[in-house]
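An overview of the molecular structure
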Amino acid sequence: MSLLDSRTDPSYRWLRPVAVTAALLLIGSGLLRRVDHLDGHSDKGAWAWNIGHGQLLLGALGFAALIVGLHGLLRTRSTRLRTLDDVAAMAGLVGAAAFVWVILGDLFPLFADAVDTPDVVLFGGPALFGLGLLVLLCRAAATRLLPVWAPVLVLVGFVAIAVDLDLLPVGAALILAGVLPLRVRGVRRGPRRYQKR
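Here goes a summary of the coordinates provided. (Residues numbered from 1 in each chain as written. Predicted model: local features only at pLDDT ≥ 70, side-chain atom pairs only at ≥ 80, totals over all residues. Heavy atoms only, no water.)

Regarding unusual backbone geometry
We note that Arg-144 has phi near 65 degrees; this positive angle belongs to a residue other than glycine. On the secondary structure map, Arg-144 appears in the loop between α5 (119-142) and α6 (150-163). Residue classification places Arg-144 among the partly exposed positions, given a relative accessible area of 36%. (Helix = DSSP H or I, 4+ residues; strand = E, 2+ residues; numbered from the N terminus. Buried < 20%, exposed > 50% of the residue type's maximum accessible area, 1.4 Å probe, protein only.)

As C-alpha cells, then:
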C-alpha cells in the first residue's frame, strides 16, 4: 500500500498559497499588535486593533481551510490513518471555530456582551486547533508533502505564541517557515504492488 492511495489531485494547488497567506496574516496581526502597544496599552477599537484582529480572523479561516485541504489530500485506505486524520481535522476545525468566536468577541463588543465566552472555548480552542493542525502536518511530512523538520517549526511557533502574545510575529514567522515548503505534486510513492496474472 502506498502512503497516498491516489495521485495527488491538482485541485489542491491552492493549499500552499492559502497556508502561506494565513501565516503572513498572523505576522501582520502581530506587527499591528506591536504598533497598538507603542503607547504602553491596547486601544480597543483603534485602527491597529481592528485591522490586526481582522487579519487574525482571516488567518484563522485560512488555517481552517488548510486543515480541510490536508484532510482531503491525505486520503488513505488505512482505517487507522483515516480515523487519525478525521479526528485531527475535527479537532482543528473546532479549535479554529473557537478562535473565530473569540476574535469576533474582540472586534464586536455587542457580540461579546450577548454571548458569554466559556473558559473551555478560551483555553481548549487553541489546544485543539494546534493539536489537530500539527497531526495533519506530521502526516503530510510522513507522505513527503513536507520536510520532517517543518511540523517542528510550526510547533515551536505555536508554543512561542502561547507563552507570550508579544511573540506573535516571531511565532508566526516560524509557522510560515514550516508551511512554506508544502507541496502537493510530485509525491514519492511507496512500493507498488503488482497483481499476479
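Some remarks on the nonpolar core
Residues Phe-63, Leu-66, Leu-70, Leu-133 and Ile-175 are the most contacted members of the largest nonpolar core, which totals 38 residues. Within the residue set of this core, elements represented by two or more residues are α1 (15-36), α2 (47-73), α3 (79-107), α5, α6 and α7 (168-179). With residues near it in sequence (within four places) discarded, Phe-63 still touches Ala-19, Ala-22, Ala-23, Leu-26, Phe-129, Leu-133 and Ile-175. Counting residues in each nonpolar core, the second largest holds five residues, with Leu-57, Ala-60, Val-100 and Ile-103 among its members. (Core = buried A, V, L, I, M, F, W, Y, C linked by side-chain atoms within 4.5 Å. Contact = heavy atoms within 4.5 Å.)

Some details on the packing of α3 against α5
At a minimum axis separation of 7 Å, α3 and α5 run at an interaxial angle of 140 degrees. The angle between α3 and α5 falls in the class oblique. Judged by the twist between their axes, the crossing of α3 over α5 is left-handed. Residue composition of the contact of α3 with α5, by class: 18 nonpolar, four polar and two charged. (Axes fitted to C-alpha atoms, helices over the stretch in contact; angles between N-to-C directions. Parallel < 35°, antiparallel > 145°, perpendicular 65-115°, else oblique. Left-handed = near helix turned anticlockwise from the far one by under 90°. Nonpolar A, V, L, I, M, F, W, Y, C, P; charged D, E, K, R; others polar.)

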